[in-house]
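# Examination of the molecular architecture
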Amino acid sequence: MEQPSLEIKSVRKTYGDFVAVDDVTTAVPPGTVFGLLGPNGAGKTTTIRMVMDIIAPDSGEILLFGRPRRREDLERIGYLPEERGLYRKMTVTEHLAFLGELHGLRHRDAVERAERWLERLELADRAKSKVEELSKGMQQKIQLAGTVLHDPAVVILDEPFSGLDPINQGLFKDVLAEFKREGRTILFSTHVMEQAEKLCDHICLISHGRVVLQGDLAALKRERGGNSYRLVAEGDLATAEEVPGVAAAVPGIGEARLILEPDAVGSEVLRELTRRFAVSEFRSQEPDLEEIFIKAVRDAA
Amino acid sequence: MRLDKVRVLIKREYVSRVKTKGFWISTILVPGLFAALALLPALVMSKTTTGQHLVVVDETNSVAGALAERLGGPSDESAGGESTGGDMGRVHFQVTIEDPAGSAAERERQRERLGRRVLDEDIDAWVWITPEGLADDRVEYHAESVSNFLTQEVLEKALSQVVQRQRLTQAGFDPDRVSELTRSVDLQTVKVTEAGARAEAGFAGVALAYVLFFLLYMIIIIYGQQVMNGVLEEKSSRAVEIVISSVRPFELMMGKLIGVGLVGLTQLAVWLGTMAALTAPAVVASLSYMPEGVSMPRLEPSLALHFAVCFLLGYFLYASFYAAIGSAFNNIQEAQQFASVAVIFLVAPLVLFPAVVNDPNATWATVASLVPLFTPLLMMLRIAIQTPPLWQIVLGYSLTAVFVCFMVWLTSRIYRVGILMVGKKPTLKEIWRWVRYA
């Protein structure tokens, strides 16, 4: 395997009695989109802040580009924090130039790149506006531009889609896809599994500060497939859970997703199901990330 | 601390502040106010009419009568007569002539009595004419306020004329000698105080010290508060979250302190430059309406330099404190309570101000001016009034510089935790724990 862009080794962080991050170990392969997933309060932001050297871990190690992290290595990272804001009184171009210069760009380069990004994000006409005059969505686009202005090899985005309208979410996803094509490594955190499912190559699921599942998303799905079935039938499908061999039933409208016990046999379950419901469809299905996640958290507990 | 990063931070702070209208308004307004303060009294004084009750004691017994006549008409206390309503120019005089006491000791008591009457506001001033003084072209003038320029000017002129006339008479009106004899008399102003008469540093010097002291007090507070508000804004807008990934909290804090400090220095340069220009002798001379003998305070370059040094020391001392407060709290209301602690230390020199002006080299004033928290304001004041020994200045500056380093260290430890802390208002105990975090 190629040298990981980022490695987190046995990192732990506590606040008093509260363990925010508990022995997290993971590696982000270069050129991939890596999803750091977990419910709110799982320790995603704390982990990212430790990667960015904003807070120090109690123990553990962080490696960047194959060596213990050094401050200057952080220059090659673009970081979009979860709680983010801009200086309200600055103009858009000034602000972007400031962020670019902070990352070591010369003023002229920074302004040039800012202009290119404003063009790309359809904000060129607001270049001279003050930040406070922009809508929240526009400000988030500026923040994204500021994150990547210095052409970082690794982009770390903490909940990048929160608070974005669908149009801007689409724009952000396009930009991420573009980064991936350009060979950048992308790490982003989210608690929304559908987003991760569509974007990620690799995932790392954490819950209560612990890693519960991680790896290549496609492989994980293959491994955990076979136990998940789609049932289309009439009747109260929630009661399908009572069928022997069914671990869980997630009912929808006129259909349900059934997760079978590992040793259950599909045909036997179907026989029982047809006795209870008017079944029109029952077939094996790849699980979605949400199911995998819920199951993993359950197993870990 | 990486200087290239800090330079970018400084640039942002500086440019974004200097570009505001508020900066330019205050930059221009203050010198305007200063000019008004400095010039208005002179302007007003030259138009007011004041009634002055003057006692004249003439040992030579040759000038007093003529002077009284010149100022207000003949008067003799022994005859019970007082002349009033005399008008010399725009100043009304009421002149009383007292005979000098017989012996030297009695005369000394007479002088004390006259001084007392000035303090009791029974009379405004008294003039003592001695033969020796007259020969030297000097006449003593004693008053509670030695800053009443117009009165002094009028009196000086009158005295000169009277004395000249007398000399001309004695000289037998020899026209050839007139030019030689028409020398004017210098007023020797002596302030009457409870402690007795003593030499006066000069009204102009005190006025300048006064202006500089309050200017310094003001800008240390104003720029300290600006640092605090800047940190609060950075924190509440969450702009700090984005910046903190590229710079360390200490760099961010230093960038703000230096950036805002440079804005302060810029403003000071404009202010002091204007002041120096306004008080330059050539400019003062061109102000034709200024009464003769009025000296405008003059801002020496060395004094301006001391002022800048004291500003920087005081600014970094207090602004670092303000930065820590801004980082620890979530809004101005919370922060303001703690900010008042800084103001207490700044107000202390304000309370000491009159006493230091009165005796700038007293032991307690020396000691107080060597306490780092007070040095910027008090040393500045002492230098402006009467330059203290060099070792005291050097010691004061050095102690303060060391203390500033300590303050920056201490406050940066609070800052690095506080700046990323949101939520509830921290207690003092929690803040102290931040300081001790590794």
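Residues numbered from 1 in each chain as written. Chains lettered and ligands numbered in written order. Predicted model: local features only at pLDDT ≥ 70, side-chain atom pairs only at ≥ 80, totals over all residues.

## Description of the overall build of chain A
Worth spelling out the cut-off: Secondary structure follows DSSP: runs of H or I at least 4 residues long count as helices, runs of E at least 2 residues long count as strands, and numbering of each begins at the N terminus. With C-beta atoms placed from the backbone, a residue is buried if 20 or more other C-beta atoms are within 10 Å of its own, exposed if 12 or fewer are, and partly exposed between those counts. Contact between two residues is assigned when their C-beta atoms, built from the backbone, lie within 7 Å.
A count of helices and strands for chain A gives nine helices and 14 strands. When the backbone C-alpha atoms are referred to their principal axes, chain A occupies close to 75 × 45 × 40 Å. Counting across all 301 residues of chain A, residues that qualify as buried make up 42%. Sequence separation of 24 or more characterises 69% of the internal contacts of chain A that already satisfy a separation of 6 or more.

## Section: the overall build of chain B
What chain B contains, in helices and strands, is 17 helices and six strands. A total of 438 residues make up chain B; the buried ones form 39% of that total.

## Structural notes on the domain arrangement of chain A
Put simply, the rule reads: Bear in mind that the domain bounds are from an automatic or database domain assignment.
Segmenting chain A into domains produces domain 1 (6-221) and domain 2 (226-285). Between domain 1 of chain A and domain 2 of chain A, the C-alpha centre-to-centre distance is 40 Å.

## Observations regarding the nonpolar core
Residue and element names in this part refer to chain B. What counts here: A set of buried residues drawn from Ala, Val, Leu, Ile, Met, Phe, Trp, Tyr and Cys, joined through C-beta atoms within 7 Å, is what defines a nonpolar core.
Ranked by size, the top nonpolar core spans 143 residues in total, and within it L216, I220, A319, Y322, A323 and M380 carry the most contacts. Top contributing element to this core by residue count: helix α12 (residues 301-328), with 16 residues. If we skip the residues at most four places from it in the chain, A323 touches V227, M228, V231, M253, K256, L257, T411 and Y415. In this structure, V56, V118, L134 and V139 belong to the second largest nonpolar core, which totals 29 residues.

## As for the sheet that holds strand β7 (residues 154-158) of chain A
Across a sheet, strands are paired by hydrogen bonds formed along the backbone, either parallel or antiparallel in direction. All names here are of chain A. Put simply, the rule is: Note on pairing: DSSP must find at least two bridges between two strands before they are called paired. As a rule, the C-alpha atoms of each element are fitted with a line to give its axis, helices using only the stretch in contact, and angles between N-to-C directions run from 0 to 180 degrees.
Read from one edge to the other, the open sheet built from six strands follows the order β6-β7-β8-β3-β9-β10, with strand pairing classed as mixed. Looking at the sheet topology across the chains shown, the edges are occupied by β6 (77-80) and β10 (210-216). For this sheet, the mean angle separating the axes of adjacent strands, direction not counted, is 10 degrees. Taken together, the six bridges between strand β9 (residues 202-207) and β10 define a ladder with antiparallel strand orientation. Residue pairing for β10: S207 is matched across the bridge by R210. Together, β3 (33-37), β7, β8 (185-190) and β9 form the strand contacts of helix α1 (residues 44-51), whose direction differs from that of β7 by roughly 145 degrees. Across the sheet, helix α7 (residues 217-224) touches β9 and β10, and the angle it forms with β10 is around 100 degrees.

## Section: the interface of chain B and chain A
For an interface, size is often stated in terms of accessible area lost upon the parts coming together. What counts, and what does not: By the convention adopted, Pro, Cys, Tyr, Trp, Phe, Met, Ile, Leu, Val and Ala count as nonpolar, Lys, Arg, Asp and Glu as charged, and the other residues, Gly among them, as polar.
Taken together, the contacts link 15 residues of chain B with 19 residues of chain A. Only α1 (3-18) and α9 (239-243) of chain B provide two or more residues apiece to the side of chain B that touches chain A. Among the residues forming the side of chain B that touches chain A, the class breakdown is seven nonpolar, four polar and four charged.

## A few points about unusual backbone geometry
Residues and elements named next belong to chain B. In this structure, E121 is a non-glycine residue whose phi angle is positive, near 65 degrees. For E121, the position within the fold is in the loop between α4 (104-119) and β4 (125-129). With 9 C-beta atoms counted inside 10 Å, the residue E121 sits in the exposed group. Even without being a glycine, R238 presents a positive backbone phi close to 65 degrees. Of note, R238 is situated in the loop between α8 (203-236) and α9.

## A few points about the packing of α12(B) against helix α16 (residues 390-418) of chain B
Axis angle and axis distance: for two packed helices, these are the angle between their axes and the distance between the axes, and together they describe the pair. Residues and elements named next belong to chain B. For clarity, the threshold we go by: An angle counts as roughly parallel when it lies under 35 degrees, as roughly antiparallel when it exceeds 145, as roughly perpendicular when it falls between 65 and 115, and as oblique in every other case. Should the near helix be turned anticlockwise from the far one by less than a right angle, the crossing is termed left-handed; should it be turned clockwise, right-handed.
Packing of α12 against α16 leaves a shortest axis separation of 8 Å and a crossing angle of 20 degrees. Looking at the two axes, α12 sits roughly parallel to α16. For the element pair α12 and α16, the recorded crossing hand is left-handed. Contact with α12, carried on its side by V309, L313, F316, L317, S320, F321, A323, A324, S327 and A328, involves Y397, T400, A401, F403, V404, M407, V408, T411, I414, Y415 and G418 of α16 and no other residues of that element. Classifying every residue of the contact of α12 with α16 by side-chain character gives 16 nonpolar, five polar and no charged.

## Brief notes about the packing of helix α10 (residues 249-278) of chain B against α16(B)
Residues and elements named next belong to chain B. Where α10 contacts α16, the axes come no closer than 9 Å and their chain directions differ by 115 degrees. Taken together, the axis directions place α10 and α16 in an arrangement best described as roughly perpendicular. Where α10 crosses over α16, the two elements pack in a sense that is right-handed. For the pair formed by α10 and α16, the contact residues are P249, F250 and M253 on the first element and S412, Y415 and R416 on the second. Residues of the contact of α10 with α16, tallied by class, amount to four nonpolar, one polar and one charged.

## Quick notes on helix α15 (residues 375-385) of chain B
Counting buried positions over the 11 residues of α15(B) gives 11, a clear majority of the element. Here α15(B) has its buried residues at B:T375, B:P376, B:L377, B:L378, B:M379, B:M380, B:L381, B:R382, B:I383, B:A384 and B:I385.

## Description of the environment of B:V8
All names here are of chain B. If you trace the backbone, V8 turns up in helix α1. On the basis of neighbour count, V8 is assigned to the buried category, with 27 C-beta atoms found within 10 Å. Spatially, the C-alpha atoms of V8 and I221 are 25 Å apart, while their sequence positions differ by 213 residues.

## Thoughts on the sheet that holds strand β13 (residues 255-260) of chain A
Residue and element names in this part refer to chain A. One open sheet accounts for four strands, arranged β12-β13-β11-β14; its pairing is antiparallel. Each having just a single partner strand, β12 (246-251) and β14 (278-284) make up the two edges of the open sheet. Mean inter-strand twist for the sheet, computed between neighbouring axes without regard to direction, equals 25 degrees. Running at roughly 165 degrees to β14, helix α8 (residues 266-276) makes contact with β11 (228-234), β12, β13 and β14 of the sheet.

## Things to note about the confidence of the model for chain B
Residue and element names in this part refer to chain B. Threshold: Per-residue confidence from the predictor is reported as pLDDT, a score between 0 and 100.
Averaged over all residues, the pLDDT of chain B equals 80, while 79% of them reach at least 70. When the criterion is pLDDT under 50, residues 73-89 qualifies, and its contacts beyond four places in sequence or with other chains add up to 41 contacts. Low confidence marks residues 191-201, where pLDDT is under 50. Its contacts with residues over four positions away, or in another chain, come to 16 contacts. The ipTM assigned to the predicted complex is 0.80, against a pTM of 0.72.

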